Amino acid sequence: MRTWTVCLLWVWVAQSVDAMALLKGTVGEEGARVTQKERDTLRRSKRGWMWKQFFLQEEYTGTDYQYIGKLHSDMDRGDGTVMYVLTGEGAGTIFVIDANSGDLHATRSLDREEKPYYTLRAQAVNKKNGHPLEPETEFIVKLHDINDNEPKFEKEVYMASVPERSHIGTSVIQVTAQDADDEMFGMSAKLVYSISQGHPYFSVESNTGIIRTALGPSDMDREQREHYQVVIEAKDMAGQRGGLTGSTTVNITLTDVNDNPPQFSQSVYQFSIPEMTEAGAVVGRVQAVDADIGRNAEMLFTVTSGDGLDAFDITTDRNTQEGILTVKKPLDYEKKKSYTLQIQVRNTYPDPRFVSLDAKDTATVRVDVKDVDEPPRFERSSYILEVKEDAAVGTAIGSVSAVDPDARRSPVKYTIDRHTDVDRIFNVHAGNGSIFLKNPLDRENLAWHNISVIAAEFNNPQQMSRVPVYIRVLDVNDNAPALAYFYETFVCENAKAGQKIQTITAVDPDEPAGGQRFFFSLAPKSSVRANFSVRDNGDNTASIFTRRTGFRRTQKSVHLVAVVISDGDFPMQSSTSTLTIRVCTCSRDGTMELCNAEALSGSAGLSTGALVAILLCVLILLLIVVLFAALKRQKKKEPLIISKEDVRDNVVSYNDEGGGEEDTQAFDIGALRHPEAMEESNKLRRDILPSEPLYAPPPLRRATAAPSRDNADVRDFINQRVQEHDGSPTAPPYDSLATYAYEGNGSVAESLSSLGSASSEGVQDYNYLSEWGPRFRKLADMYGGEDSDWDC
């Protein structure tokens, strides 16, 4: 093996004429001097050989290092001064070089599939000083492939399907395998497919791996065999001996087609059912077998012939694919005791490629009707009877009839369901079913009566049936007509003779066949014949006319007119109704102006609702007045002067100053004067000291005012208010009506505050306070003295 490798290596060396020699190494700046002879020798040396590629076979199994080749430099003269250094991928681990001889070896076995080549670099250096003798050269060690990998499929198990009865060569599935060996070297990756299991049903194309059917439609029948397991092999080396093989399994399923018609499991089916079974009841189930599955096995059952086409029907149960035989109408054992039917079944979705569209199967069904004890059966499903409302009690209206349909013909007993005849107006004869009156009728009260008659077997009362009986009450003219409304009629005092004052009509609860016809006339013995007349208009209405001119309300305010109303049916019915006519005063154009109290309410058109609305409005107004009065009484009275201390003295708080003469917003006591005093142009000032005192100043007593009408009014008013305030717990303890919330300009007294006074810093003269009367005496004593605190 080693000899073969060396030969290949020398052949490659011979062909690589363009290889580059290992260049000499350079000397560093700090190296020893080089002689001129040595430089000339280096310039004239030949370039050494360079190997760009080495080839190494993968998967080496020997125990020694695998020899790759030899690296040699022209600078190596065999004196042991040259050392070879190897660097690059795997240098020192995978690849090693003999530093003296340049022999290159691989230390272990390599796998091309893991890494196909390695890039290395070699250089010749001086063994003594390590300086490179030639430039570094790069080369590649490429691994030669061997057939060491078997083909592998993408899946270990494939699932595929193909319709049954497919033609030969129908494609099923394609399987592919991959080989990790080198496709460019030899035939290690050249694959060939073959089938090792699945003959003779399937085949595989050797180059593509496509699996196809190998048998004809008759042999590929799902009902015979549904599942197949096919084993496919892939072999490299183009299938030659020595190639490696890989395999996979393909599970193939034949899918169903509609190639089998359904067939009944038996040719004759026998069923029985009791008579009087309700429509829609199930008689029985029939089964048919279809070898197909799914949609291809869906069936359609039909009744094709027989003596029960109108009594039976058959449908398909979509879950079980069974035929369900049902009753279309109740059966009667006494009429027919058995039925024979012909039924057929076929596919719902036939496939003409495999089965004829006319493919079907038939069977016979026999149904026996069982006799049961049936309740009595009425001749009709309902009865309609008529009776006049004036029929006497005990009159027969009609009859119902029921018989026992069973062969023994049990006697029948009739009764009325009293839940439908609560008033017990009717009764029925228990033996023959005759219905007669038990109580009188009134059509105007109820025109129709709906009752139920029960027929039960005499020997077995539990067997019963019922029938509705509708009784219509016929009308008889037994009610007299009467006025349709309550008429409020009036006549004017200035009415003229022949004037129509009212039109009346009538109603009658009876309903004659030809319609209503009413006749109106004045009562023969009526006392108003001289005043009024009644004229029949011929359309079931009548008009009231005056027969004289002028009426006097003061003489007679109300006239009662008796009107006779009769109908046109037989026997004729009549009644007398009274029409009230009131005499009222009217304008020239006939508008009512005045009438008696009773007539006025009617003529004014005030209905009960209007009167109620008026009363409600009056009550609401009274309620508003009461609430307003209560709020006025509960309103808190505000004091004219605000004080922090509850003292009842003549000392008034002056922390708020008044406005003086120009304060027009302050309280004007002049408003309290008598109205006559307001007309006088000369009014007394209330905010300055009067020139003539109005009262004498006794100590701590109110001054007596001069005898003046104006002052007397004011005094009386003030005394009255003082008494009211003394008796009220919420009144302030003040007896002054002045307010000082605003200080005006131009007051004679000027400001009492030292902050706003222009001469507050100088000496003030307060002697004038003693001239203001007893009310200001305290202030005069405090500020009028010579030794005042202001002088300090």
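Calculation rules
- Residues numbered from 1 in each chain as written.
- Predicted model: local features only at pLDDT ≥ 70, side-chain atom pairs only at ≥ 80, totals over all residues.
- Heavy atoms only, no water.
- Helix = DSSP H or I, 4+ residues; strand = E, 2+ residues; numbered from the N terminus.
- Buried < 20%, exposed > 50% of the residue type's maximum accessible area, 1.4 Å probe, protein only.
- Contact = heavy atoms within 4.5 Å.
- Areas by Shrake-Rupley, 256 points an atom, 1.4 Å probe, with all protein chains shown as cover.
- Patch = residues over 30% accessible without salt bridge, like charges linked within 9 Å, V, L, I, M, F, W, Y side chains within 5 Å.
- Salt bridge = Lys/Arg side-chain N within 4 Å of Asp/Glu carboxyl O.
- Pairing = 2+ DSSP bridges.
- Axes fitted to C-alpha atoms, helices over the stretch in contact; angles between N-to-C directions.
- Expected span 1.5 Å × (residues − 1).
- Phe/Tyr/Trp six-rings, centres within 6.5 Å; stacked < 30°, edge-to-face > 60°.
- Disulfide = S-S within 2.5 Å.
- Lys, Arg positive; Asp, Glu negative; His and termini not counted.
- Polar contact = N/O pair within 3.5 Å; in protein donor to acceptor, adjacent residues only side chain to side chain.
- pLDDT = per-residue confidence, 0-100.

J.: Help me out: how do you make sense of the overall build of the protein in this one?
T.: Secondary structure summary: the protein contains seven helices and 43 strands in total. Per-residue burial for the protein yields a buried fraction of 33% across its 792 residues. A fraction of 67% describes how many contacts in the protein between residues 6 or more apart in sequence connect residues 24 or more apart. For the protein, the exposed area adds up to about 49,300 Å²; of that, 52% sits on carbon and sulfur atoms.

J.: Got a minute to help me understand a nonpolar patch on the surface in this structure?
T.: A contiguous nonpolar patch, built from Leu611, Val612, Ile614, Leu616, Val618, Leu619 and Leu622 and spanning about 640 Å² of accessible area, is present on the exposed surface. As for its position among the elements, Leu616 is in helix α4 (residues 608–634). Given a relative accessible area of 49%, Leu616 falls into the partly exposed group.

J.: When you look at the sheet that holds strand β16 (residues 245–255) in this model, what are you seeing that I'm missing?
T.: Sheet strands pair by backbone hydrogen bonding; their relative direction is either parallel or antiparallel. Read across the sheet, four strands follow the order β9-β16-β15-β12 without closing on themselves; strand pairing throughout is mixed. Edge positions in the sheet fall to β9 (157–163) and β12 (192–197), since each has one partner strand and no second. Going across the sheet, the axis of each strand differs from the next one's by a mean of 30 degrees, ignoring polarity. Here seven bridges tie β9 to β16, and the two strands are oriented parallel to one another. Paired with Val162 across the bridge in β16 is Leu254.

J.: Got a minute to help me understand α4 in this structure?
T.: Along an α-helix, residues three or four positions apart point the same way, because every turn accommodates 3.6 residues. The terminal C-alpha atoms of α4, which comprises 27 residues, lie 39 Å apart, in line with the 39 Å expected from a rise of 1.5 Å per residue. Summarising burial for α4: zero of the 27 residues are buried, a small minority.

J.: I'm lost on the packing of aromatic side chains in this one. Help?
T.: Think of a pair of aromatic rings as described by two things: how far the centres are apart, and how the planes are tilted against each other in angle. Tallied over the entire structure, the rule returns ten aromatic pairs. On the basis of an interplanar angle of 90 degrees and a centroid distance of 6.0 Å, the ring pair of Tyr485 and Tyr487 is categorised as edge-to-face. Note on Tyr485: relative accessible area 59%, which makes it exposed. On the accessibility criterion, Tyr487 (11% relative accessible area) is buried.

J.: Can you help me understand the sheet that holds strand β25 (residues 361–370) in this one?
T.: The mixed open sheet is built from four strands, whose spatial order is β18-β25-β24-β21. Two strands bound the open sheet, and with one partner strand each, they are β18 (268–274) and β21 (299–306). Along the sheet, successive strands turn relative to each other by an average axial angle of 30 degrees, direction set aside. Relative to strand β24 (residues 338–347), β21 is paired through seven bridges, and the arrangement is antiparallel. If you follow Phe301 over to β24, its bridge partner there is Val345.

J.: What exactly am I supposed to notice about the state of the cysteines here?
T.: Note on terminology: a disulfide is the covalent bond linking the sulfur atoms of two cysteines. What the rule picks out here adds up to one disulfide. The partner cysteine of Cys492 in its disulfide is Cys586, sulfur to sulfur 2.1 Å. Handedness of the Cys492-Cys586 disulfide follows from its S-S torsion of about -85 degrees: it is left-handed. Note that Cys492 is positioned in strand β36 (residues 489–492) and Cys586 in strand β42 (residues 574–586), a separation of 94 residues in sequence. Accessibility classification places Cys492 together with Cys586 in one group, the buried group.

J.: Sorry if this is basic, but what is going on with the side chain of Asp567 here?
T.: In this structure, Asp567 sits in strand β41 (residues 558–567). In this structure, Asp567 is buried with no salt-bridge partner, the nearest side chain bearing the opposite charge being Arg517 at 10 Å. Engagement of the side chain of Asp567 in a polar contact is seen with the side chain of Asn477, the distance being 3.1 Å. At a separation of 2.8 Å, a polar atom in the side chain of Asp567 contacts the main-chain amide nitrogen of Gln573. With sequence-adjacent residues up to four places away left out, Asp567 is seen in contact with Asn477, Asn479, Pro481, Asp508, Arg517, Phe518, Phe519, Met572 and Gln573.

J.: I'm lost on the side chain of Thr364 in this one. Help?
T.: Here Thr364 shows up in strand β25. Leaving out residues up to four positions away in the same chain, Thr364 has contacts with Ser267, Val268, Tyr269, Thr340, Leu341 and Gln342.

J.: Teacher, can you tell me more about the environment of Asp390 here?
T.: Within the secondary structure layout, Asp390 lies in the loop between β27 (383–388) and β28 (396–399). Along the sequence, Asp390 and Asp478 sit 88 residues apart, while their C-alpha atoms lie 8.5 Å from each other.

J.: In this structure, what is going on with the confidence of the model for the protein? I would like to understand it.
T.: As a general rule, the predicted coordinates of low-pLDDT regions are not to be interpreted in detail. Mean pLDDT over the protein stands at 79; residues scoring 70 or higher make up 77%. Within the model, the stretch residues 597–605 combines pLDDT values under 50 with eight contacts to residues more than four positions away or in other chains.

J.: What should I look at first to understand the environment of Ile140 in this one?
T.: Among the structural elements, Ile140 can be located in strand β7 (residues 137–144). A relative accessible area of 27% means that Ile140 is categorised as partly exposed. Remark: the alpha-carbon pair of Ile140 and Phe55, spanning 85 residues in sequence, is separated by 8.4 Å. For Ile140, the residues in contact, after removing those within four places along its chain, are Lys52, Gln53, Phe54, Tyr117, Tyr118 and Thr119.

J.: Mind showing me how you'd approach the pattern of salt bridges here?
T.: As enumerated under the stated definition, the model contains 23 salt bridges in all. Its salt-bridge partner being Asp421, residue Arg418 comes within 2.9 Å of it at the nearest N-O pair.

J.: Looking at this model, I keep getting lost on the pairing of strand β38 (residues 518–522). Mind explaining?
T.: For a regular strand, side-chain orientation follows a simple rule: the groups alternate between the two sheet faces. Here β38 shows one buried face, formed by Phe518, Phe520 and Leu522, and one open face, formed by Phe519 and Ser521. The sheet contact formed by β38 and β41 spans five bridges and is antiparallel. Across the sheet, residue Leu522 finds its bridge partner in β41, namely Val563.

J.: Got a minute to help me understand unusual backbone geometry in this structure?
T.: Both trends apply: most residues other than glycine have a negative phi, and most peptide bonds are in trans. Going from His199 to Pro200, the amide bond is cis rather than trans, its omega being 0 degrees. Its location among the elements puts Pro200 in the loop between β12 and β13 (202–204). Residues other than glycine seldom take positive phi values, yet Met237 does so here, at roughly 60 degrees. Structurally, Met237 is set in the loop between β15 (227–235) and β16. Phi is positive for Asn540, close to 65 degrees, though the residue is something other than glycine.

J.: So what exactly am I meant to see when it comes to the environment of Asn347 here?
T.: Within the element layout of this structure, Asn347 appears in strand β24. Counting along the chain gives 87 residues from Asn347 to Asn260, while the straight-line C-alpha distance between them is 9.0 Å. Not counting chain neighbours up to four residues away, the residues in contact with Asn347 comprise Asn258, Asn260, Pro261, Pro262, Asp290, Asn296, Ala297 and Glu298. Here Asp290 takes part through its side chain, which lies 2.8 Å from a polar atom of the side chain of Asn347. A polar side-chain atom of Asn347 sits 3.4 Å from the main-chain carbonyl oxygen of Glu298.

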